Amino acid sequence: MINKISVFLSEGIGLKLNSSDNEKEVYAYSIEVLLSLLLNLLFLSTAAYILNKKLELLVFIIFLSGLKVYAGGYHSKTHLECFSVTLIVFLISALSNTYLTAYGEIILAIGILFSTIMVFLLAPAENENKPLSKKEKSKYKLISRIIVIVLSLAAVALYFVRVSTGYIYITAVVAMVIESVSLLRK
């Protein structure tokens, strides 16, 4: 459905701009990515609003996506699968700081250790749709390692300010762990 809308819109844009077929394909792909992202954010924002987990959504996006951009990992084959997986992963991350508070320190320590090891061993995990050159692999490996360290330090900082932020650090660590596990799936 998103693909059809994207092609339709790109045809209209292409006609107005007198674009080549190749340019129309670029427009279609760009529109498809944008629509998918917007719908995903809409679903996630709706779930966050209903569950009163708006801060958790922000933390989830920063910690999961911040790492995923350079570390890579699992990518859904369809938009519906992407929406579903992202929503489920968000719900797990967001609700973990409600139901796993008794295990907060354990989750923090083991989660950071696990995520760091996974990123150092497996990142970047290539996607068949986005192969990486040797130079890109080296660059993404370094950047993903820096990111996992920075995010780990941020999670520890969130732990120390838990009086004012609640157990949001658990959401952060769970998001990192889920992204790290996705590195196993190529």
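How each quantity is defined
Residues numbered from 1 in each chain as written. Predicted model: local features only at pLDDT ≥ 70, side-chain atom pairs only at ≥ 80, totals over all residues. Heavy atoms only, no water. 1 Å grid on protein atoms, 1.4 Å probe; cavity = no way out; pocket = protein on both sides within 12 Å on 5 of 7 lines; lining within 4 Å. Points joined across faces, edges and corners; volume = space filled by probe spheres on them. Helix = DSSP H or I, 4+ residues; strand = E, 2+ residues; numbered from the N terminus. Nonpolar A, V, L, I, M, F, W, Y, C, P; charged D, E, K, R; others polar. Core = buried A, V, L, I, M, F, W, Y, C linked by side-chain atoms within 4.5 Å. Buried < 20%, exposed > 50% of the residue type's maximum accessible area, 1.4 Å probe, protein only. Contact = heavy atoms within 4.5 Å. Polar contact = N/O pair within 3.5 Å; in protein donor to acceptor, adjacent residues only side chain to side chain. Patch = residues over 30% accessible without salt bridge, like charges linked within 9 Å, V, L, I, M, F, W, Y side chains within 5 Å. Areas by Shrake-Rupley, 256 points an atom, 1.4 Å probe, with all protein chains shown as cover. Salt bridge = Lys/Arg side-chain N within 4 Å of Asp/Glu carboxyl O.

Visitor: Just checking my understanding: could you explain the layout of surface pockets for this structure?
Guide: With a probe scaled to a water molecule rolled over the atoms, the places where space remains empty come into view. By volume, the largest pocket amounts to about 1,700 Å³. The wall of the largest pocket is formed by 42 residues, among which Lys68, Tyr74, His75, Ser76 and Cys82 lie closest to the centre. For the lining of the largest pocket, the secondary structure elements donating two or more residues are helix H2 (21-51), helix H3 (54-71), helix H4 (79-99) and helix H8 (168-182). Here the lining of the largest pocket takes eight residues from H2, the largest share from any one element. Its residues assigned to classes, the lining of the largest pocket shows 20 nonpolar, 13 polar and nine charged.

Visitor: Help me out: how do you make sense of the nonpolar core in this one?
Guide: If you look at soluble globular proteins, the nonpolar side chains tend to sit buried side by side. Residues Phe60, Phe63, Leu67, Phe90, Leu108 and Leu183 are the most contacted members of the largest nonpolar core, which totals 35 residues. Those elements giving two or more residues to this core turn out to be H2, H3, H4, helix H5 (104-122), helix H6 (134-160) and H8. No other element matches H8, which puts eight residues into this core. Once residues within four sequence positions are removed from consideration, phenylalanine 90 is found in contact with Leu44, Ala47, Ala48, Lys53, Glu56, Leu57 and Phe60.

Visitor: Help me understand the side chain of lysine 53, please; the structure alone is not making it clear to me.
Guide: Within the secondary structure, lysine 53 is located in the loop between H2 and H3. Here asparagine 97 takes part through its side chain, which lies 3.1 Å from a polar atom of the side chain of lysine 53. When residues no more than four places from it in sequence are discounted, the contact partners of lysine 53 are Ala48, Phe90, Ala94, Leu95, Asn97 and Thr98.

Visitor: Could you clarify how one ought to interpret a nonpolar patch on the surface in this entry?
Guide: A cluster of nonpolar side chains, namely Tyr99, Leu100, Tyr103, Ile106, Ile110, Phe114, Val181 and Leu184, defines an oily patch on the protein surface of about 820 Å² accessible area. It is H5 that contributes the most residues to the nonpolar patch, three residues altogether.

Visitor: Whenever I open this one, the environment of threonine 171 confuses me. Can you help?
Guide: Note on placement: threonine 171 falls in helix H8. Residue classification places threonine 171 among the buried residues on the basis of a relative accessible area of 0%. As a C-alpha pair, threonine 171 and valine 7 span 164 residues in sequence and 37 Å in three-dimensional space. Discounting chain neighbours no more than four positions away, the residues touching threonine 171 are Glu56, Val59, Phe60, Ser93, Ala94, Ser96 and Asn97.

Without other data, these values stay purely geometric and don't point to any function.
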